[in-house]
Amino acid sequence: GAGEVCLFVLSQGNQDIDFIAWESIQSFLNTYKIAGYLNDTEISPLEFIETEITPLLPISVINGINGLKPILDLASTGDLLQPITFITAGPEFAAITGITQEGDISTLVNDFTIEFAFDLSENAYKSLMRITGDLSQTRENVFSNSTAVKSFNKYGSRPKKIQSTFVYDIETAALICQ
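What you see is a predicted model; the values in this text were computed from it and never measured.

Rules used throughout
- For every chain, the first residue of the written sequence is number 1, and numbering continues from 1 along that sequence.
- Under the rules for a predicted model, residues below a pLDDT of 70 receive no local features and side-chain atom pairs below 80 are neither given nor counted, while totals for whole chains, interfaces and linings still include all residues.
- Note that water and hydrogens are dropped before the side-chain values are worked out from all heavy atoms of the structure.
- We define a nonpolar core as any set of buried Ala, Val, Leu, Ile, Met, Phe, Trp, Tyr and Cys residues linked to one another through side-chain atoms lying within 4.5 Å.
- Exposure classes here rest on a 1.4 Å probe applied to the protein chains alone. A residue is buried below 20% of its type maximum, exposed above 50%, and partly exposed in between.
- Working definition: helices are DSSP H or I runs of at least four residues, strands are E runs of at least two. Numbering for both runs from the N terminus.
- Any two residues having at least one pair of non-hydrogen atoms within 4.5 Å are treated as being in contact.
- In this scheme, patches are assembled from residues that exceed 30% relative accessible area and form no salt bridge. Like charges are connected within 9 Å, while nonpolar side chains (Val, Leu, Ile, Met, Phe, Trp, Tyr) are connected within 5 Å.
- For the area figures, the Shrake-Rupley method with a 1.4 Å probe applies, and any residue is considered shielded solely by the protein chains shown.
- Whenever a carboxyl oxygen of Asp or Glu lies within 4 Å of a side-chain nitrogen of Lys or Arg, that contact is scored as a salt bridge.
- Under the convention used here, Asp and Glu are negative, Lys and Arg are positive, and both His and the chain ends fall outside the count.
- By convention, the charge on Lys lies at NZ, on Arg at CZ, on Asp at CG and on Glu at CD.
- Here the arc refers to the directions that run from the helix axis out to each C-beta atom.
- Here, strands pair whenever DSSP counts at least two bridges between them.
- Between N-to-C directions, angles cover 0 to 180 degrees, with each direction set by a line fitted to C-alpha atoms, over the stretch in contact for helices.
- Every angle not falling under 35 degrees, over 145, or within 65 to 115 is termed oblique; those three ranges are roughly parallel, roughly antiparallel and roughly perpendicular.
- Crossing handedness follows the turn of the near helix against the far one: under a right angle anticlockwise gives a left-handed crossing, and clockwise gives a right-handed one.

Details of the nonpolar core
Working step 1: Ranked by internal contacts, the top residues of the largest apolar core, which has 35 residues, are W22, I49, I53, L57, I59, I114 and V167.
Working step 2: Where this core is concerned, the elements lending two or more residues are α1 (2-11), α2 (19-29), α3 (45-53), β1 (59-64), β2 (67-72), β3 (111-119), β4 (124-132) and α5 (170-177).
Working step 3: No other element matches the five residues that α1 contributes to this core.
Working step 4: Residues contacting I49, with those up to four places away along its chain left out, are C6, V9, L10, T54, P55 and V61.

Pasting the structure below:
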């Protein structure tokens, strides 16, 4: 799985690795099935992971105290995130404005397509998987979920398309889309 691949590739470099952090999410990452090879000696293991593997996974890689470690996007786990503290509004609270959007939506994606299962003999991708908020577009290998629908209804279609020679499994492609 992807967790084992990440650890193997990173261990080929000369940077410190936070093995405990990687092992703590390895079983989750291993649900993403990837395979392939690297024959470019000019690319570093970290550069390979950052350009080819982490765009497929709900993680980012940072340099922590104990070395390179993954940071998991908790929303991607499918678990309902529970607050650890609460604020109770009292007389000292007052609404100054209505609810507003913060941040830049230029990177927002609610229509995501991945082409995968590359066939070297035909120099073409043999399959694709797509998630969209536009329910009229759903069919085989094109699906939707409530998050994509809400986003589509609010912002319209915000598409992104990628290709990966490392993805061969349709279930992994579906996970990447989500």
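As for a negative patch on the surface
Working step 1: A cluster of acidic residues, D40, E42, E47 and E50, forms a negative patch at the surface.
Working step 2: Looking at the element boundaries, E47 is found in helix α3.

Description of α3
Working step 1: Every buried residue of α3 is listed here: L46, F48, I49 and I53. Within α3, the buried residues cover an arc of 160° as seen down the axis, which keeps them to one side.
Working step 2: Tucked into the core, α3 has its buried residues touching α1, β1 and β2.

Quick notes on the environment of S60
Working step 1: Along the chain, the position of S60 falls in strand β1.
Working step 2: Through-space distance from the C-alpha of S60 to that of T107 is 16 Å; in sequence the pair is 47 residues apart.
Working step 3: Residues within four places of S60 in sequence aside, it is in contact with K69, P70 and I71.

Quick word on the pattern of salt bridges
Working step 1: Counted by the stated rule, this structure contains three salt bridges.
Working step 2: E115 is the salt-bridge partner of K161, the closest N and O atoms lying 3.3 Å from each other. Here K161 is found in strand β6 (residues 159-163), whereas its partner E115 is found in strand β3, with 46 residues between them in sequence.
Working step 3: The partner of K126 in a salt bridge is E122, and the shortest N-O contact between them spans 2.5 Å.
Working step 4: The exposure class of K126 is partly exposed, given its relative accessible area of 47%.

Here we look at unusual backbone geometry
Working step 1: Residues other than glycine seldom take positive phi values, yet N123 does so here, at roughly 50°.
Working step 2: In this structure, N123 sits in the loop between β3 and β4.
Working step 3: Its identity is not glycine, yet N141 carries a phi of approximately 65°, on the positive side.
Working step 4: Among the secondary structure elements, N141 is positioned in the loop between β4 and β5 (142-143).

Brief notes about the sheet that holds β5
Working step 1: The strand order across the open sheet built from four strands is β5-β4-β3-β6, with neighbouring strands paired in mixed fashion. Looking at the sheet topology across the chains shown, the edges are occupied by β5 and β6.
Working step 2: Two strands pair when backbone bridges link them, and β4 and β5 are joined in this way by two bridges, in the parallel orientation. Each bridged residue has a counterpart across the sheet, and for I131 the counterpart in β5 is F143.
Working step 3: Packing of α5 onto the sheet brings it into contact with β3, β4 and β5, and relative to β3 it is tilted by some 155°.

A word on the packing of α1 against α3
Working step 1: Following both chains from N to C, one finds α1 and α3 inclined at 150°, their axes separated by 8 Å at the closest point. Relative to α3, the element α1 is oriented roughly antiparallel. Of the two possible hands of crossing, α1 and α3 adopt the one that is right-handed. Contacts from C6, V9 and L10 of α1 reach α3 at P45, L46, F48, I49 and I53.

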